[in-house]
Amino acid sequence: MMSNPLLDVQGLTKSFGGVIAVSDVNFHLNPGEIVAVIGPNGAGKTTLFNMITGVFPPTSGKIFFQKEEITGKQPFQIANAGITRTFQNLQIFENMTVIENVMTGVHCRLKTGFLTSGFRLPSVRKEEKQAYEIAMHFLEKVGISALAHEDSKVLPYGNQRLLEIARAAASSPKLILLDEPMAGLNPQESAQLVQVIRQMRMEGMTFLFVEHDMETVMGISDRIVVIDYGKKIAEGTPAEIYENEKVIAAYLGTDDEEAI
Ligand SMILES: Nc1ncnc2c1ncn2[C@@H]1O[C@H](COP(=O)(O)OP(=O)(O)OP(=O)(O)O)[C@@H](O)[C@H]1O
């Protein structure tokens, strides 16, 4: 292991009553890496994400982010520490325009709170302008700045996904977790999203993502962590995982249509 991982997950376990959804999982992320978590349906991938982002605490195990323990912290504390995520089901604010959605992400990192912003002080107006510019910058990055003033609910699905990623990136995180980012996208939209992720990584972002689309996983990941029945069964480069017998058996052993 590198001496200073960005994220370090140690012995992570979660049981729901009798079901052990995640069992003694260890892995780490180095700064600037793109790492995929794969596994058959129900393997425990979303549960892993939920523990890392504080949706619920692990039953046992520890999570360190930039050497600081974040195990069991609340979602807002984890977001403040620099981890943000997108969801399997899009979670955009439909009653807002595209740029307003991204500005909510920017506000997470600017100083002014909602209370002070109610007074419309000059400093607040300045900050609003700054937030607008930052939001526009991220919309440009994902390629949908021309739609900035559209109602977000009228955007095609693929653009809504790009919007969600722009909003996540606008909060200036150090790590973005993407839960099935390619789900529902056509090949052209997937290719655009892959480009966006690569570009953001070149600018220093780190990504952990869950994905069923193996072409994307193999094409974009530096490393892959494979989970089956809650346990990590393999970890390695795409080439190593592609040939790993345990992985092949895990996928062939299911009736998952999306198997490799
Ligand atoms: N809140 C919960 N209460 C009870 N059981 C749960 C809960 N969340 C997940 N599980 C169970 O934990 C196991 C792992 O589920 P999880 O959603 O993490 O899998 P997954 O790998 O993300 O699956 P998919 O690829 O289908 O999204 C499953 O057996 C699931 O039924």
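In what follows, the structure referred to is the one given above.
Now for a look at the structure at hand.

Calculation rules
- Residues numbered from 1 in each chain as written.
- Predicted model: local features only at pLDDT ≥ 70, side-chain atom pairs only at ≥ 80, totals over all residues.
- Heavy atoms only, no water.
- Helix = DSSP H or I, 4+ residues; strand = E, 2+ residues; numbered from the N terminus.
- Buried < 20%, exposed > 50% of the residue type's maximum accessible area, 1.4 Å probe, protein only.
- Contact = heavy atoms within 4.5 Å.
- Areas by Shrake-Rupley, 256 points an atom, 1.4 Å probe, with all protein chains shown as cover.
- Near = heavy atom within 4 Å.
- Polar contact = N/O pair within 3.5 Å; in protein donor to acceptor, adjacent residues only side chain to side chain.
- Nonpolar A, V, L, I, M, F, W, Y, C, P; charged D, E, K, R; others polar.
- Pairing = 2+ DSSP bridges.
- Phe/Tyr/Trp six-rings, centres within 6.5 Å; stacked < 30°, edge-to-face > 60°.
- Arc of directions from axis to C-beta.
- Axes fitted to C-alpha atoms, helices over the stretch in contact; angles between N-to-C directions.
- 1 Å grid on protein atoms, 1.4 Å probe; cavity = no way out; pocket = protein on both sides within 12 Å on 5 of 7 lines; lining within 4 Å.
- Points joined across faces, edges and corners; volume = space filled by probe spheres on them.
- Core = buried A, V, L, I, M, F, W, Y, C linked by side-chain atoms within 4.5 Å.

Description of the overall build of the chain
Here's step 1: Counting its secondary structure elements, the chain contains ten helices and ten strands.
Here's step 2: Counting every position in the chain, which comprises 260 residues, the buried fraction comes to 50%.
Here's step 3: A separation threshold of at least 6 residues defines the contact pool for the chain, and within that pool the share at least 24 residues apart is 67%.
Here's step 4: About 12,700 Å² of surface is accessible on the chain, with carbon and sulfur atoms providing 53% of the total.

Some points on the site of the ligand
Here's step 1: In the vicinity of the ligand there are 13 residues, among which G42, G44, K45, T46 and T47 approach most closely.
Here's step 2: Between the ligand and K45, the relevant distance is 2.7 Å, taken from an oxygen atom to a side-chain nitrogen or oxygen of the residue.
Here's step 3: In the model, an oxygen atom of the ligand is placed 2.8 Å from a nitrogen or oxygen of the T46 side chain.
Here's step 4: Per element, the largest residue contribution to the shell around the ligand is three residues, and it comes from helix α1 (residues 45–52).
Here's step 5: When the residues that make up the shell around the ligand are grouped by side-chain class, the tally is four nonpolar, seven polar and two charged.

Thoughts on the pairing of strand β4 (residues 60–65)
Here's step 1: Inspection of the sheet shows strand β1 (residues 7–16) paired to β4 by five bridges, in the antiparallel sense. From the neighbouring strand, L7 faces β4, where its bridge partner is F65.
Here's step 2: Examined bridge by bridge, β4 and strand β5 (residues 68–69) share two bridges and lie antiparallel to one another. Each bridged residue has a counterpart across the sheet, and for F64 the counterpart in β5 is E69.
Here's step 3: Where β4 folds back onto β5 in an antiparallel hairpin, the turn is made up of two residues, including Q66, whose phi is positive at roughly 50 degrees.

Section: the packing of aromatic side chains
Here's step 1: Summed over all chains, the structure comprises one aromatic pair.
Here's step 2: On the basis of an interplanar angle of 85 degrees and a centroid distance of 5.4 Å, the ring pair of F16 and F56 is categorised as edge-to-face. Of this pair, F16 sits in strand β1 while F56 sits in the loop between α1 and β4, and the two are 40 residues apart along the sequence.
Here's step 3: Judged by relative accessible area, F56 falls into the buried class, the value being 18%.

Some points on helix α10 (residues 245–252)
Here's step 1: Taken as a whole, α10 has its buried residues at V247, A250 and Y251. Buried residues of α10, seen end-on, are gathered within an arc of 95 degrees and therefore sit on one face of the element. Exposed side chains of α10 directed beyond 90 degrees from the buried face belong to E245 and L252.
Here's step 2: Those residues of α10 that are buried are in contact with β3 (34–38), α8 (214–220), β9 (223–228), β10 (231–236) and α9 (238–242).
Here's step 3: You can read the cap of α10 off the contacts: a side-chain oxygen lies 2.8 Å from the backbone nitrogen of K246, and it is on N244.

Describing the sheet that holds β4
Adjacent strands of a sheet form backbone hydrogen bonds with each other and so pair up, either parallel or antiparallel.
Here's step 1: Across the sheet, four strands lie side by side as β2-β1-β4-β5; this open sheet has antiparallel pairing. Either end of the sheet is taken by a strand with one partner, and the two such strands are β2 (19–29) and β5.
Here's step 2: The strands touched by α1 within the sheet are β1, β2 and β4, with β1 carrying the most contacts at an inclination of about 115 degrees.

Overview of the sheet that holds β9
Here's step 1: Taken in spatial order, the six strands line up as β6-β7-β8-β3-β9-β10 in an open sheet, and their pairing is mixed. One side of each edge strand has no neighbouring strand; the edge strands of this open sheet are β6 (83–86) and β10. Each strand of the sheet is rotated relative to its neighbour by a mean of 20 degrees, with strand direction disregarded.
Here's step 2: Pairing analysis gives four bridges linking β3 to β9, with the strands arranged parallel. Note on β9: the bridge partner recorded for V35 is R223.
Here's step 3: Across the sheet, α10 lies against β3, β9 and β10, angled at about 130 degrees from β10, the strand it touches most.

Side note on the layout of surface pockets
Here the idea is plain: a probe the size of a water molecule rolls over the atoms and shows the empty space left.
Here's step 1: Considered as a void within the structure, the largest pocket measures approximately 650 Å³ in volume.
Here's step 2: Contributing to the lining of the largest pocket are 25 residues, with A79, T84, R85, C108 and S171 lying nearest its centre.
Here's step 3: Mapped onto the lining of the largest pocket, the elements with two or more residues apiece are α2 (75–81), β6, α3 (98–107) and α6 (157–170).
Here's step 4: It is α2 that provides the largest number of residues to the lining of the largest pocket, a total of five residues.
Here's step 5: Of the residues contributing to the lining of the largest pocket, the split by class is eleven nonpolar, ten polar and four charged.

Remarks on the nonpolar core
Here's step 1: Ranked by size, the top nonpolar core spans 47 residues in total, and within it I38 and L139 carry the most contacts.
Here's step 2: Not counting residues within four places of it along the chain, the set of residues in contact with I38 comprises K45, E211, M214, V217, I224, V225, V226, I227, I241 and Y251.
Here's step 3: One finds V25, I78, L175 and V210 within the second-largest nonpolar core, a separate group that totals 27 residues.

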